[in-house]
Amino acid sequence: MSGVPVRAAVVPTREEIEQLSRDFEQRSAQWVMEWAVQTYRPRLVVSCSFGGSTGMAIVDMVMKIDRTVPVAYLDTGLLFPETYELIETIAKRYGIEPVAIVPPQTVAQQNAAHGDALWAREPQRCCDLRKVEPQRAFLRDYDAWITGLRRDQSETRQATPVISWDTKFNMAKICPLATWDERAVWGYLQANDVPYNPLLTRGYASIGCTHCTRPIDASEDARAGRWSGFDKTECGLHVPDTAAAAASEPTR
Ligand code: SF4
């Protein structure tokens, strides 16, 4: 790789990240990831749901650069069996131990404290308890996170920068595949023989918790199968807190 800056003595400021954002539009995903590893390691983490296709490409790319970069996932206790199997497959393939971010309450404890099936009544509150707040606590030990957001995934993701200052978690957020499309991601997975969630071949385009994920048809966008019946297409990790709360209103 040429033109990669040597490891920064200090990580970029919020203002510097805004400058870098313009430059990174022209860079390859691999270049951006090498830069991220050199700049932020060991305070860099890859966040992967083990549900979508993009996260798997990112994990493979980062593992080809540095297998010591942690790969973390939110273990809500409500993931599909296929997702847990994929996590085991990835652990063996790369010789890593993906880090499970676990909510403070088990599903049973949450049911006792907030009533049964909170996801069916107040999904944003459930996502806050099982995803957003555990992620916030986990990310405090890091300066940057890499995630698999793409602009073509939904209307809410159309303006996703390759690198930005994440005001929600107060750190750098890097989306190396922001400009890729589904076809390019699948091309990468096939060319590199990267494992993926088998539900992606059974009508699911985006995979999260069992209660809040359904297959979609060809006319729907990739996020339509999440939280059906609610004005909610994001768990809250990638949107401001106020926007996440508003999206929890039921449409049915
Ligand atoms: S995706 Fe559904 S079950 Fe999972 S944390 Fe969010 S609301 Fe709860």
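Peer 1: Give me helix α2 (residues 29–40): which residues, what numbers.
Peer 2: Along an α-helix, residues three or four apart share an orientation, since each turn contains 3.6 residues. Look at α2: 16 Å from first C-alpha to last across twelve residues, which is about the 16 Å you get at 1.5 Å a residue. Among the twelve residues of α2, nine are classified as buried, and the element is accordingly described as predominantly covered. Every buried residue of α2 is listed here: Ala-29, Val-32, Met-33, Glu-34, Trp-35, Ala-36, Val-37, Thr-39 and Tyr-40. Check the buried side of α2 and you find it contacts α1 (14–24), β1 (44–47), α3 (53–65), β4 (144–146) and β6 (171–174).

Peer 1: Any details on unusual backbone geometry? Residues and values, ideally.
Peer 2: Residue Pro-42 is reached from Arg-41 by a cis peptide bond, and omega for that bond is 10 degrees. Positive phi outside glycine occurs at Asn-170, with the angle close to 60 degrees. Its 12 C-beta neighbours within 10 Å are what place Asn-170 among the exposed residues.

Peer 1: Can you explain the pairing of strand β5 (residues 163–166)? Please cite residues and give values.
Peer 2: Relative to β6, β5 runs antiparallel, the two being bridged by four bridges. Following the sheet pairing, Ile-163 is matched in β6 by Ile-174. Between β5 and β6, which pair antiparallel one after the other, the connecting turn spans four residues, and Asn-170 there sits at a positive phi close to 60 degrees.

Peer 1: Tell me about the pairing of strand β2 (residues 71–74), residues and numbers included.
Peer 2: Where β1 and β2 come together, two bridges link them in parallel fashion. Bridging across to β2, Val-46 finds its partner in Val-71. The handedness of the β1 to β2 crossover, carried by α3, is right-handed. Between the parallel pair β2 and strand β3 (residues 99–101), the chain is carried across by helix α4 (residues 81–94), and the sense of this crossover is right-handed.

How each quantity is defined
- Residues numbered from 1 in each chain as written.
- Predicted model: local features only at pLDDT ≥ 70, side-chain atom pairs only at ≥ 80, totals over all residues.
- Helix = DSSP H or I, 4+ residues; strand = E, 2+ residues; numbered from the N terminus.
- Expected span 1.5 Å × (residues − 1).
- Buried ≥ 20, exposed ≤ 12 C-beta atoms within 10 Å, placed from the backbone.
- Contact = placed C-beta atoms within 7 Å.
- Pairing = 2+ DSSP bridges.
- Right-handed = clockwise from strand over helix to strand, strands pointing away.

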